[in-house]
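Below, each chain spelled out in residue letters.
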Amino acid sequence: MNGTLVMIGLRRGWTEHLQFLRNRREFAGGLIGTVGIFVLVARWQGGTDVPGTHASKAVLMAAGFIAFSVFSVALMGLPMMITTDREDGALLRLRTVPGGMPVYLVGRAVSVLGQIATYVALMLLAGVALTELTLPAAPGDWLTLLWVLGLGTLSVVPVGAALGTLLPGPRNAASILSLPMMGLMVVSGVMFPVTAMPEPVQWVAQAFPLYWQGLGLRSVFLPDSMLAAEIGGSWRPLETAAVLGAWAVAGLLVAPWLLRRAARRESGTRLAERQERRAAQGAF
Amino acid sequence: MDEPVISARDLRMRYGRTEVLRGVDLEVRAGEVVALLGPNGAGKTTTIEILEGFRRRSAGEVTVLGTDPGRGGDAWRGRLGVVLQNWQDHPRWGVRQLLAHVASFYRRPRDVDELLAVLGLTAQAGRMVAQLSGGQRRRLDVALGIVGRPEVLFLDEPTAGFDPEVRLEFHGLVERLSREEGMTILLTTHDLAEAERLAGRIAILVDGAVAVCGTPSGLAAVVRTRSEVRWAEDGALRSERTGDPSKLAYELHQRFGGPVPGLEIRRPSLEESYLDLVRGATARGAGDASGTPLAGEDGGLMERSAA
């Protein structure tokens, strides 16, 4: 990939990010799904401490919802973007252009990272404004914040891209993904400590990156007294890095192959078939 | 003579057990406008997608600009222009913004504003792509297809769903590209009149093979061989198809010893003969739809390019 293509890709991604910010319905919808729910839940039962600790429930939720923002942009938003690009022909358009695929990938990476950064910033802002969440003071905590957010993003973005190539269409993607997403949100310690769950559920939660990213963020924002409510009574940074890293590697191994395959399979005939099907669905 | 720009020999495509293309032969030379004409399902889009390198073929030899489309890299891709059906992409981009973005992929792109002016989209330059009408959207698709100064342009059903006025405008545009820039153009259509108007040569694709290929005037020559002569005899209407209606009429006059009652000689229009061809092939099913080159092909071509 040469430098010119990278530049075109960066510009493309930035253009699409601005389009996202200007699209009120999509941006507001995303905000309600993350910051909105957080504000509601934090108001409703955030005033107390996590049982058995001196850690604020509202701050626990703020950390959890930051992780959930990353998770939902990468695993809901990104697959929907990619299925939309397949359905409306954007992916095929870029196939007709020399160097279109690398530009597409760079562009999508930029727009997804832009969205993640936007939601994370807004969640942090809401956390600071509405709860006792404070931005870290120690450089070490900043460092933890950065690597947890970075590795957490890397653990889900390639997986989200892979999902986008496998799901049939944007509407189907939303309906197929939303239920498991909500389920993981409930069991992964976003709103209450995962130790409140039966042990088998805890194991399920620990298989997915959402729990680990939340844990890493709690280690930044919550006092060590919170450890009383964590599995093993520890922040487990090594395990966090290992699980997030494993997801990142798995995603990075599978996603490029799936993306190439999806692009290769696009053609005008497929485009027409899908649009006819969609029109038929719309008629009902 | 030069190497053809597009060449397909015995091109075959099979999906599972159905054979969509059963040996398509096609040659397009530099500067030609060729129409792939045929009913829906004849394999036009499949053929053009194989030539564009978007679909792998099952068998046959294919080259576009001297390269196998299945192995064409970015340099090859940059010499092609592609306008597909059903594009609804980049709805949130500005018209000029999208055209400039696509132009930035090419080394020697056209001037974006000039191109917008040529296609009558200057007034829409700042609009969102989603706000364009069907005809405007299609013109933008063409602009995106030619912004990189392609040597070959593929147009798949370019005027499907157009109202007559927009269609006419579009025909003018294709003619300009061919005349003024010498662009080689392969287009698919199921509209005979459109093929006749735009193309120097028409390849009629029926049942996954080229049934006939030639200049519009060459196709007309085929028509002449299938005239219908009708007359009344013994109180009944008789009719006969013949390649030499004049001779049959003469024989009839001799047989009747004078005027022939109800004599009528019909030379079917190009359209009728096209429909005949399509119907015949459909009835034959997997028949012997082998390519039949027509006489007068070169004459027609020269006539065309001199115009």
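The structure reproduced in this document is the subject of the present report. (Residues numbered from 1 in each chain as written. Chains lettered and ligands numbered in written order. Predicted model: local features only at pLDDT ≥ 70, side-chain atom pairs only at ≥ 80, totals over all residues. Heavy atoms only, no water.)

### Description of the overall build of chain B
Along chain B, the regular secondary structure elements total 11 helices and 13 strands. The buried share among the 307 residues of chain B stands at 50%. Expressed as a percentage of contacts within chain B between residues at least 6 apart in sequence, the contacts between residues at least 24 apart total 68%. Counting only carbon and sulfur atoms, one obtains 48% of the accessible surface of chain B, whose full area is about 14,400 Å². (Helix = DSSP H or I, 4+ residues; strand = E, 2+ residues; numbered from the N terminus. Buried < 20%, exposed > 50% of the residue type's maximum accessible area, 1.4 Å probe, protein only. Contact = heavy atoms within 4.5 Å. Areas by Shrake-Rupley, 256 points an atom, 1.4 Å probe, with all protein chains shown as cover.)

### Re the side chain of Ser227(B)
All names here are of chain B. Summarising the element assignment, Ser227 is placed in strand β10 (residues 227-233). For Ser227, a relative accessible area of 0% translates into the label buried. Excluding residues within four positions of it along the chain, Ser227 makes contact with Glu240, Arg241, Thr242, Pro245, Arg266, Arg267 and Pro268.

### Here's the deal with the sheet that holds strand β2 (residues 18-28) of chain B
Residues and elements named next belong to chain B. Strands sit in the order β2-β1-β4 across an open sheet of 3 strands; the sheet is antiparallel. Single-partner strands in this sheet number two, and they are β2 and β4 (59-64). Within this sheet the neighbouring strands show an average axis-to-axis angle of 25°, counted without direction. Along the sheet, helix α1 (residues 44-52) contacts β1 (6-15), β2 and β4; its crossing angle with β1, the most-contacted strand, is approximately 120°. (Pairing = 2+ DSSP bridges. Axes fitted to C-alpha atoms, helices over the stretch in contact; angles between N-to-C directions.)

### Considering the sheet that holds β10(B)
All names here are of chain B. On the basis of which strands lie adjacent, the open sheet formed by 3 strands has the order β11-β10-β12 and antiparallel pairing. Across the chains shown, the open sheet's two edge strands, defined by having one partner strand only, are β11 (236-242) and β12 (264-266). Averaged over all neighbouring strand pairs, the angle between strand axes comes to 20°, with direction disregarded. Bridge count between β10 and β11: 7 bridges; the pairing is antiparallel. Counterpart to Glu233 in the pairing with β11 is Ala236. In the packing of helix α9 (residues 245-256) onto the sheet, contacts are made with β10, β11 and β12, and the angle to β10 comes to roughly 15°.

### Overview of the packing of helix α3 (residues 57-88) of chain A against helix α5 (residues 100-130) of chain A
All names here are of chain A. Viewed as axis vectors pointing N to C, α3 and α5 meet at an angle of 150°, and their least axial separation amounts to 9 Å. Comparing their axes, α5 and α3 come out roughly antiparallel. The two elements α3 and α5 cross, and the hand of that crossing is right-handed. Where α3 approaches α5, its residues Ala62, Phe65, Ile66, Ser69, Val70, Val73, Leu78, Met81, Ile82 and Asp85 are matched on the opposing element by Tyr104, Arg108, Ser111, Val112, Gln115, Ile116, Tyr119, Val120, Met123, Leu124 and Gly127. Split into classes, the residues belonging to the contact of α3 with α5 amount to 15 nonpolar, 4 polar and 2 charged. (Parallel < 35°, antiparallel > 145°, perpendicular 65-115°, else oblique. Left-handed = near helix turned anticlockwise from the far one by under 90°. Nonpolar A, V, L, I, M, F, W, Y, C, P; charged D, E, K, R; others polar.)

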